[in-house]
Amino acid sequence: MDPATKKLKTLSGSLSETDLDNIAQLRTEIDQLKHALEQHLANSHAEPAATRTTAAPMQGADLVRLNVGGVPYCTARSTLTKFRDSMLAGSFSGPLSLSADHEGRIFIDRDGEL
């Protein structure tokens, strides 16, 4: 007998018949939900790899590695150029001629903490 059932039996003297019926119904619903979840998880793991959604790898030129105030970041060039009139868009729209750190990340002299 599990601990919850033991405790329920101990308390049953102070519970009405309706309360006990409600508890039994809730336990049945919990068991059904648990079973449905287990089936769902089993089915999702059995799904063929070809039908799973996967992200397409970004091309190397689309990724930009940054060093912003000593904090490393990696982002998409499209993110940096999203706002055409911004300093970042101007800097990353054409060929890069920006300063790089010792690991090849483009250095931006700003506070890097978000």
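Conventions we followed
- Residues numbered from 1 in each chain as written.
- Predicted model: local features only at pLDDT ≥ 70, side-chain atom pairs only at ≥ 80, totals over all residues.
- Heavy atoms only, no water.
- Pairing = 2+ DSSP bridges.
- Helix = DSSP H or I, 4+ residues; strand = E, 2+ residues; numbered from the N terminus.
- Axes fitted to C-alpha atoms, helices over the stretch in contact; angles between N-to-C directions.
- pLDDT = per-residue confidence, 0-100.
- Core = buried A, V, L, I, M, F, W, Y, C linked by side-chain atoms within 4.5 Å.
- Buried < 20%, exposed > 50% of the residue type's maximum accessible area, 1.4 Å probe, protein only.
- Salt bridge = Lys/Arg side-chain N within 4 Å of Asp/Glu carboxyl O.
- Contact = heavy atoms within 4.5 Å.

Caption draft 1: Summary view of the sheet that holds strand β3 (residues 106-108). The three strands are arranged β2-β1-β3 in an open sheet whose pairing can be described as mixed. Both outer strands of the open sheet, β2 (71-76) and β3, are each paired with one neighbouring strand and no more. Each adjacent strand pair in this sheet contributes to an overall mean axis angle of 35°, direction not counted. With three bridges connecting them, strand β1 (residues 63-68) and β3 associate as parallel partners. Of the residues in β3, the one forming a bridge with Val68 is Ile108.

Caption draft 2: Fine view of the confidence of the model for the protein chain. Across the protein chain, the average pLDDT comes to 77, with 75% of residues at or above 70. Taken element by element, the predicted model of the protein chain shows its lowest mean pLDDT in helix α1 (residues 3-11) (69) and its highest in β2 (90).

Caption draft 3: Representation of the pairing of β1 in the model. In the sheet, β1 pairs with β2 via six bridges, with the strands oriented antiparallel. Within β2, the position partnered with Val68 by the bridge is Val71.

Caption draft 4: Fine view of the nonpolar core. Ranked by size, the top nonpolar core spans seven residues in total: Val64, Leu66, Val68, Leu80, Phe92, Ile106 and Ile108. Counting residues per element, the ones that place at least two in this core are β1 and β3. Ranked by residue count, the leading element in this core is β1, at three residues.

Caption draft 5: How the structure looks around the pattern of salt bridges. With the rule as written, the count across this model stands at two salt bridges. Linking Arg105 and Glu103 is a salt bridge whose minimum nitrogen-to-oxygen distance equals 3.4 Å. Since its relative accessible area comes to 13%, Arg105 is described here as buried. Here the salt bridges do not stand alone but share partners, grouping Asp101, Glu103 and Arg105 into one network.

Caption draft 6: Molecular detail of the side chain of Asn67. Looking at the element boundaries, Asn67 is found in strand β1. Here Asn67 is in contact with Asp101, Arg105, Ile106, Phe107 and Ile108, once residues within four sequence places are set aside.

Caption draft 7: Looking closely at the environment of Thr75. Mapped onto the elements of the fold, Thr75 is located in strand β2. Taking the C-alpha atoms as reference points, Thr75 and Arg65, separated by 10 residues in sequence, lie 6.6 Å from one another. Discounting residues that sit within four places of it in the chain, Thr75 has contacts with Asp62, Leu63, Val64, Leu66 and Leu80.

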